[in-house]
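Here's the letter readout for the chains.
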Amino acid sequence: MNGTWTTPDIGGKTADVYEPPTRPRFGVLHLHGVGLTPLRDKPAFTRLFDELALACVCPRGQRSWWADRVCAEFDPQLTPERYLLDQVLPFFRERWGFGPGAIGLQGTSMGGQGALRLGFKYPDRFPVVAGIASAIDYHEHYGQGTPLDDMYETKEQCRQDTTVLHVHPSHYPPHLFFCIDPDDTEWFRGNDRLHEKLTALGIPHEIDFTTRAGGHSWDYFNHMADRVVRFVHAGLQQQSRRLL
């Protein structure tokens, strides 16, 4: 790692921000998983940020599932989704001059589903999206004493907010990739269901459902870092040429 991690204040909340050693052309918004593990400790990702000259912002969203629902752990009034849209995206512009077409969105586990859902809700802002081991069917954790119990009134209400229910047949991110280890039994079916729906609607996307590298773990997340970060970078390059 030759770049620098800092922890600036963004909208009254601390975030991890990576500045590569050379001037970045594009940015990456990374959403963490429910374990709150910081990306700053993962050289599998930071070496790619260096190589590809990518700036990265990793907000701290607690166990909020990055939803447009108030989560007390995160904030008593502001939803995580609004924070990303209203505070974090402007930070990219203020810091590096990046508009939405120059920012890729990625995440792991809880953050992977958050990235995919945000991509389908706001494809004009997030044209390049990637999810690693995305915990898409998170409504299955409703009623188990997590923040979800206070964020949603019922399990069905929670399910209605999952990624698959936000897919629009004609309005979607043009660059979309998601992957999951076939041994990740808890979350595999949700990813496969999303793949089935996108295929049925004719929505272009790329997947990797065959690579085995440790199930739902950082062994797998790190193993897929190269594929995911290069996908995000390539998508942003294509977007930049389209916007010329």
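Residues numbered from 1 in each chain as written. Predicted model: local features only at pLDDT ≥ 70, side-chain atom pairs only at ≥ 80, totals over all residues. Heavy atoms only, no water.

Asks: In this structure, what is going on with the overall build of the protein? I would like to understand it.
Replies: When you go through the protein residue by residue, the secondary structure sums to seven helices and nine strands. Each principal axis of the C-alpha atoms in the protein carries an extent, and together these give about 45 × 40 × 35 Å. Each of the 244 residues in the protein was classed as buried or not, and the buried ones make up 57%. Expressed as a percentage of contacts within the protein between residues at least 6 apart in sequence, the contacts between residues at least 24 apart total 72%. Only carbon and sulfur atoms are counted for the fraction: they give 47% of the accessible area of the protein, which is about 10,100 Å². The centroid of the 25 positive side-chain charges in the protein is displaced by 5 Å from the centroid of its 30 negative side-chain charges. (Helix = DSSP H or I, 4+ residues; strand = E, 2+ residues; numbered from the N terminus. Buried < 20%, exposed > 50% of the residue type's maximum accessible area, 1.4 Å probe, protein only. Contact = heavy atoms within 4.5 Å. Areas by Shrake-Rupley, 256 points an atom, 1.4 Å probe, with all protein chains shown as cover. Lys, Arg positive; Asp, Glu negative; His and termini not counted. Charge placed at Lys NZ, Arg CZ, Asp CG, Glu CD.)

Asks: Any chance you could explain helix 2 (residues 80–96) here in plain terms?
Replies: Each full turn of the α-helix corresponds to 3.6 residues, which orients residues three or four apart in the same direction. Along its 17 residues, helix 2 runs 22 Å from first to last C-alpha, staying within 8% of the 24 Å computed at 1.5 Å per residue. Restricting attention to buried positions, one finds in helix 2 the residues Pro80, Glu81, Tyr83, Leu84, Leu85, Val88, Leu89, Phe91, Phe92 and Trp96. Close packing links the buried residues of helix 2 with strand 2 (9–10), strand 3 (13–19), strand 4 (26–31), strand 5 (54–59), strand 6 (103–108) and helix 3 (110–121). Once helix 2 finishes, glycine 97 follows within two positions and takes phi at roughly 80°, a positive value. (Expected span 1.5 Å × (residues − 1).)

Asks: Could you clarify how one ought to interpret the state of the cysteines in this entry?
Replies: What makes a disulfide is a covalent bond joining the sulfur atoms belonging to two cysteines. A complete count under the given rule lists zero disulfides for this structure. Cysteine 71 takes part in no disulfide bond, and the closest cysteine sulfur, belonging to cysteine 158, lies 12 Å away. Taking the relative accessible area as the measure of exposure, cysteine 71 reaches 1% and is therefore buried. (Disulfide = S-S within 2.5 Å.)

Asks: Hey, could you run me through the pattern of salt bridges in this one?
Replies: Pairs can form between side chains of opposite charge once their charged atoms are near each other. Counting across every chain of the model gives 18 salt bridges. For glutamate 73, the salt bridge goes to arginine 63, with nearest N and O atoms at 2.3 Å. Separated by 10 residues along the polypeptide, glutamate 73 in the loop between strand 5 and helix 2 and arginine 63 in the loop between strand 5 and helix 2 bring together distant segments of the chain. Residue classification places glutamate 73 among the partly exposed positions, given a relative accessible area of 34%. Overall, the relative accessible area of 31% leaves arginine 63 in the partly exposed class. When salt bridges that share partners are traced, they join Arg47, Glu51, Asp226 and Arg230 into one network. (Salt bridge = Lys/Arg side-chain N within 4 Å of Asp/Glu carboxyl O.)

Asks: What am I meant to see in the packing of aromatic side chains here?
Replies: How two aromatic rings sit relative to each other is set out by the distance from centre to centre and by the angle between their planes. The final tally for this structure, using the stated rule, is 14 aromatic pairs. Measuring from centroid to centroid gives 6.3 Å for phenylalanine 45 and tryptophan 218, while their planes differ by 80°, and the two rings are edge-to-face. Pair noted here: phenylalanine 45 is in helix 1 (residues 43–52) and tryptophan 218 is in helix 7 (residues 218–242), with a separation of 173 residues, a long-range link. Here the two residues phenylalanine 45 and tryptophan 218 agree in accessibility, since each one is buried. Between phenylalanine 177 and phenylalanine 231, the aromatic rings sit 5.5 Å apart at their centres with planes inclined by 40°, giving tilted as the arrangement. With phenylalanine 177 in strand 8 (residues 175–179) and phenylalanine 231 in helix 7, this residue pair connects regions lying 54 residues apart in the sequence. As far as burial versus exposure is concerned, phenylalanine 177 and phenylalanine 231 are alike and both buried. (Phe/Tyr/Trp six-rings, centres within 6.5 Å; stacked < 30°, edge-to-face > 60°.)

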